[in-house]
Amino acid sequence: AIAALFGAVPSAWGVLAIPAAALCGCAFAAPLSAFSATQETDLGFPIIMRLGIIPLFLFSGTFFPVKQLPGWVQPLTALSPLWHGVELCRAATTGRAHLWPVLGHIAVLVAFVAIGSWFGRRTFTRRLAP
């Protein structure tokens, strides 16, 4: 809303960045909740943050174009749900969305949510069984 007030969102489609960001958040939350069910202590979470979240955050194309990364790193960015979420939000806010890439990004994020939810349900069921 603030970016739109300052004219930084040239497209009326910018409102779709909100559900795109929510879907991206769910794509992280589902696998992390499945992981959390396997932990006896909180010692695994700093490792996830340091070796998982921070590199994904840095190499997602949020701060600089992925094209500026070394050639061998560029294909690895497509493994990150954050990259897909950033691309969806960027397409929505700029109005430069193409159908197939948008559907591909949505499919990847939904897959992260579905697989993470499936593992989470399975893990929580095992942990809570008497």
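Residues numbered from 1 in each chain as written. Predicted model: local features only at pLDDT ≥ 70, side-chain atom pairs only at ≥ 80, totals over all residues. Heavy atoms only, no water.

S.K.: Account for the pattern of salt bridges, naming residues and giving values.
M.R.: Here the structure, examined in full by the defined rule, presents 2 salt bridges. For the salt bridge of Glu87 with Arg90, the shortest nitrogen-to-oxygen distance reads 3.2 Å. Taken as a pair, Glu87 and Arg90 lie in helix α4 (residues 81-94) at a separation of 3 residues, close to a single helical turn. For Glu87, a relative accessible area of 23% translates into the label partly exposed. (Salt bridge = Lys/Arg side-chain N within 4 Å of Asp/Glu carboxyl O. Helix = DSSP H or I, 4+ residues; strand = E, 2+ residues; numbered from the N terminus. Buried < 20%, exposed > 50% of the residue type's maximum accessible area, 1.4 Å probe, protein only.)

S.K.: Give me the lowdown on the side chain of His84, citing residues and values where you can.
M.R.: As for its position among the elements, His84 is in helix α4. We classify His84 as buried; its relative accessible area is 5%. When sequence neighbours within four positions are dropped, the list of residues in contact with His84 reads Ala78, His105, Val108 and Leu109. (Contact = heavy atoms within 4.5 Å.)

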